[in-house]
Amino acid sequence: MEIRIGIQHSPREIVIESEEKSEALIERLSGAMADGSPVALVDDKGRTVLVPGAKVAYVEVSTEEPRRVGFLG
């Protein structure tokens, strides 16, 4: 699934692909936003992103598979 996170006072958003269950992810992000603590997210390639819970402006979780661009040969 694709996750888009907007950070306050930042023109760019964080976009990651993750295999984590959407309910668990939303619960972790909601808790981090409520108490202002950072939350660590791991993408499907094993990279870790640390998101400041106090600065999250919005979170968009897409369960659809994003379209891939390329040629099949």
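The notes below deal with the structure included here. Every chain begins its residue count from 1, and numbering advances along the sequence as written. Whole-chain, interface and lining totals are the exception, using all residues; otherwise, since this is a predicted model, local features are given only for residues with pLDDT of at least 70 and side-chain atom pairs are given and counted only at 80 or more. Side-chain measures here rest on the full set of heavy atoms in the structure, leaving out hydrogens and waters.

### Concerning the sheet that holds strand E2 (residues 13–17)
Item 1. The strand order across the open sheet built from three strands is E2-E1-E5, with neighbouring strands paired in antiparallel fashion. Each edge of the open sheet carries a strand with a single partner, namely E2 and strand E5 (56–62). Between one strand axis and the next, the sheet turns by 15° as a mean value, whatever way the strands run.
Item 2. Paired strands, in this sense, are two strands between which DSSP finds at least two bridges. Note on conventions: DSSP H or I runs of at least 4 residues are helices, E runs of at least 2 residues are strands, and numbering of each starts at the N terminus. The pairing of strand E1 (residues 2–7) with E5 spans six bridges and is classified as antiparallel. Interaxial angle, 0 to 180 degrees, is taken between N-to-C directions of lines fitted to C-alpha atoms, where a helix line uses only the stretch in contact.

### What to know about the side chain of Glu2
Item 1. Within the secondary structure, Glu2 is located in strand E1.
Item 2. Burial here depends on accessible area, computed with a 1.4 Å probe over protein chains only, as a share of the maximum for the residue type. Under 20% is buried, over 50% is exposed, and the range in between is partly exposed. Look at Glu2 and you get buried, because its relative accessible area is 17%.

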